[in-house]
Amino acid sequence: MSAIEAFKRETDPYVFALALGPLLGIIVGIVAWPDAAASKLALANEVIVTNLGWLYLWIVFLSFVFVLYVLLGPWGRIKLGDPDDEPEFSFWQYLVMTFTAGLSSGGLEFWGPVEPLVHYDTRPPFFSSDTGTWAQMADALQYAIFHYGVSAWATYLVFAVAISYFVYRKDAPFRPAVILAPFVGTDNVDGWLAKLVDAMVVVITVSGITVSFGLGISQFISGLGFKWGVQLGDTGRIGLILLVGVLFLLSVIVGIQGGIRRFADLNIVLLLGLMGITFAFSQLPSLVNLGSHALTGYATDFIGMSLFYEPGSESTNWLSSWTLFFWPWWLTFAPMVGIFMARISRGRTLRQLVFAGLVGSFGLTVPWYVATGGSALLLQTSGAADLLEVYSSSGLEAVGFALFENLLPYPGVFSAVLLVLVVSFLITTLDSSTLSIAMIVDGGSESPSVLNRVVWGLMMVLLTISLNLAGGMSVLQSFTILVGLPTAVLCGLTMVGMLLEFEREFPVLGEDDTDDVQAPSAPTQPAIERYPQESSDD
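Just so you know, these numbers come straight off a predicted model, no measurement behind them. (Residues numbered from 1 in each chain as written. Predicted model: local features only at pLDDT ≥ 70, side-chain atom pairs only at ≥ 80, totals over all residues. Heavy atoms only, no water.)

Brief notes about the pattern of salt bridges
Applied cut-off: Any carboxyl oxygen of Asp or Glu within 4 Å of a side-chain nitrogen of Lys or Arg constitutes a salt bridge here. What counts as a helix is a DSSP run of H or I of at least four residues, what counts as a strand is a run of E of at least two, and both are numbered from the N terminus. Relative accessibility under 20% of the residue-type maximum defines a buried residue, over 50% an exposed one, and the middle range a partly exposed one, all with a 1.4 Å probe and only protein chains included.
A full pass over the atoms with the stated rule returns 11 salt bridges. The residue Lys170 makes a salt bridge to Glu501 at a minimum N-O spacing of 3.9 Å. Taken as a pair, Lys170 in helix H8 (residues 150-170) and Glu501 in helix H21 (residues 473-505) lie far apart in primary sequence, 331 residues in all. Here Lys170 falls in the partly exposed class, since its relative accessible area comes to 26%. With relative accessibility at 5%, the residue Glu501 sits in the buried group. One salt bridge connects Arg504 with Glu501, and the closest N-O pair in it is separated by 3.0 Å. Here the residue Arg504 and the residue Glu501 both occupy positions in helix H21, the gap between them amounting to 3 residues, near one helical turn.

This is the structure:
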C-alpha cells in the first residue's frame, strides 16, 4: 500500500477538514493582511487580558492542586495498563522524553539567561518597593522560576492523566476527545462534539508550536548576528525555518525510537553540559545562595504569585507580557504533550506519570535558571558586564550569547553549542507534536503514517513563516493569549470530569448514610483496597 493510500485510509476526514481549514484560513489571512492581523490580535489580547486574565490564573493554579493530589493521594496507585504490562522505556528515558517534549524550543535556552535580568530591571508588581540589590536579584530569579515551575507542568499533566487513564484503563483511543468520557461514556466519544474537540486541539497545538518555533528561530538568528556578524533578512529567516523543517522530517522517518529519543538524549547532554560549565566558571557560592533565596520565596509566595491579578492597574501590562503570556502558551501545548506523555506511559502508574512531569522536570529547570539567569544577574550587578545594554540594543534573544561571551572561555564554542541546542529542541518539539497531532487525526492510532505527520509539520512551518513576517514577537504573544483561551476551558472541563470519574471508580470520600441504610449487611471495603497494586519498578 502506498503512503498516500495509507494516509487516506487512516485519516478521519472530518477531523482533518475541521482542523486544516481554519489553519489555512489563518495563514492566508495573516499573509494577505499582515498589518490588520497584527492590529486585531493586539485588540483581542487586550480584551482577554483585561476581562479573562483571572481565568488563566485560576485554571493553572487548580491544575497544580489537582495533579498534586494525584501524586500524593490514593489515585496515584492506578496502573496504566494490565497488571503485567511493563514500561516501554527505562525511567531515565521516560524522564528525558517527557522533559524535552514539554519544554520545547523557545524554552529554557531562550528565557533562562534573560528573564531574571529583565525582572531585575523592571521589578514585578507582585513585590513591594525596592528593598536592595540582593533582594531584587532573588525576587527576579524567583519569578522566572515560577514561570517555568510546577504550574506549567501541571497543565500538561491534567491532560496526560485523563488521556492515559482512558487509553490504558478503558481501551479508549489516543484522542483528546476522551476528556468527554466522564460525561458521555467511553462508547460515545466519536460524535460530532468529540470530532470538534479533536479538531480544535489540532488547531491550538499547531498554533502553540508556532510560537516556540518562531522564538527558536529568532534566537538562532540573533546568535549568528551577535557572535559572528551574520545578518539574515526575511529570505534567510524563511530558509532557516525550512531547513529545520527538513531536519524534522528526517527525524520523523526514523521513528520514535531513533528520532525523538535520540534528539531528546542530545538535548539533555547539551543542556547539562552548558549548565555544568556555567556553574564551574561563575561564582558558585553566590549562585547557591541566590538560588536558595529564590526557591524559598517561590515556596512561600506560590499561592500569591499564582493568583496575583489587578485588572485596570499598571500591573496588567506587566502580567500580559509575562504570566498571562506564559500560561496560555503552556496551555496550548497541554493537550499535545498530554497525548505524547500518555503514549510513552504504558506500564507506569499515575504517580510515576505525575512525578516525571512535576518533580523530575522541575528538578532540571531550576538548576538551569540558577546557572544562567543567576550568572547574568551577578555579572550585571557586579559591573563585570552590561547585559541590560545587550538586551536593549540587540534584543532578549542575544543575552544568552552575551552571557557566554563574558563568562566562559572559548565563548564561540559554547555559543555554537547553544545554537545546536536550539535546533535540537526545535526538532524534538516538531517531532513529538506532529506525532500527537497525527494520532488525533488518525482516530487514536499509536503509529500514524509518516505522511500524516508531514502534513501537520508543514502547517507549523507555514504558520511560523506567516507570523514572523507579520510582526515577530509582539504578534506571537498576542496570538498565544488568544489561542490559549479555548484550551483553558478544556483544561477546566478535564479536571471536573476526572474528579467525577475517579470518585465513581475509586472513591475516597467513603459511602454516604443512604447507602448504609439501603445495604446494611454489605461490608464496607476500604477505598484504598480497590486500587490496583502499584508497581515497584524504577
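Quick look at a nonpolar patch on the surface
Applicable threshold: Patches here are clusters of residues that have more than 30% relative accessible area and form no salt bridge, with a 9 Å joining cutoff for like charges and a 5 Å cutoff for nonpolar side chains (Val, Leu, Ile, Met, Phe, Trp, Tyr). Accessible surface area values rest on a Shrake-Rupley calculation with a 1.4 Å probe, where residue burial reflects the displayed protein chains alone.
On the surface, a nonpolar cluster with roughly 590 Å² of combined accessible area is contributed by Tyr14, Leu18, Trp192, Leu193 and Leu196. When residues of the nonpolar patch are traced back to their parent elements, those giving at least two are helix H2 (13-32) and helix H10 (192-228). Judged by relative accessible area, Trp192 falls into the exposed class, the value being 67%.

A word on the packing of helix H3 (residues 34-72) against H8
In plain terms, the rule: Helix axes use the C-alpha atoms of the stretch in contact, all axes being lines fitted to C-alpha atoms, and the angles between their N-to-C directions lie in the range 0 to 180 degrees. Crossings are sorted by hand: turned counterclockwise from the far helix by less than a right angle, the near helix makes the crossing left-handed, and turned clockwise it makes it right-handed. Throughout, a residue-residue contact means that at least one pair of heavy atoms, one from each residue, lies within 4.5 Å. Throughout this entry, Asp, Glu, Lys and Arg are counted as charged residues, while Ala, Val, Leu, Ile, Met, Phe, Trp, Tyr, Cys and Pro are counted as nonpolar. The remaining residues, Gly among them, count as polar.
At a minimum axis separation of 8 Å, H3 and H8 run at an interaxial angle of 65°. In this structure, the crossing between H3 and H8 has a hand that is left-handed. Contacts between H3 and H8 pair Val60, Ser63, Phe64, Phe66 and Val67 from the former with Val150, Ser151, Ala154, Thr155, Leu157, Val158 and Val161 from the latter. In the contact of H3 with H8, the residues fall into 9 nonpolar, 3 polar and no charged.

Topic: the packing of H10 against helix H15 (residues 323-343)
A pair of packed helices is characterised by two quantities: the angle between their axes and the separation of those axes. The line we're drawing: With respect to orientation, any angle under 35 degrees is reported as roughly parallel, any angle over 145 as roughly antiparallel, any angle of 65 to 115 as roughly perpendicular, and every other angle as oblique.
It is at 8 Å that the axes of H10 and H15 come closest, and there the two elements cross at 125°. Of the possible angle classes, the one that applies to H10 and H15 is oblique. Where H10 crosses over H15, the two elements pack in a sense that is left-handed. Contacts between H10 and H15 involve Val201, Ile204, Thr205, Gly208, Ile209, Val211, Ser212 and Leu215 on the former and, on the latter, Phe325, Trp329, Thr332, Phe333, Pro335 and Met336. Tallied by class, the residues present in the contact of H10 with H15 amount to 10 nonpolar, 4 polar and no charged.

Some details on the side chain of Thr323
Relative to the helices and strands, Thr323 resides in helix H15. Excluding its chain neighbours within four sequence positions, the residues that come into contact with Thr323 are Leu57, Tyr143, Phe146, His147, Trp318 and Pro328.

Some points on H2
Note the cut-off: Working rule for helices: expected span equals 1.5 Å times residues minus one. Polar contact is defined as a pair of N or O atoms within 3.5 Å, subject to the rule that within protein one atom must be able to donate a hydrogen and the other to accept it, and that residues adjacent in sequence are counted only when both atoms are side-chain atoms.
With 20 residues, H2 should cover 28 Å at 1.5 Å per step; its first-to-last C-alpha distance of 28 Å lies within 8% of that length. Every buried residue of H2 is accounted for by Val15, Phe16, Ala19, Leu20, Leu23, Ile27, Gly29 and Ile30. The backbone nitrogen of Tyr14 has a side-chain oxygen 3.0 Å away, supplied by the residue at the start of H2, namely Asp12.

Looking at the environment of Phe91
In this structure, Phe91 sits in helix H4 (residues 91-103). Classification of Phe91 as buried rests on a relative accessible area of 14%. For Phe91 and Arg348, which are 257 residues apart along the polypeptide, the C-alpha to C-alpha distance reads 9.5 Å.

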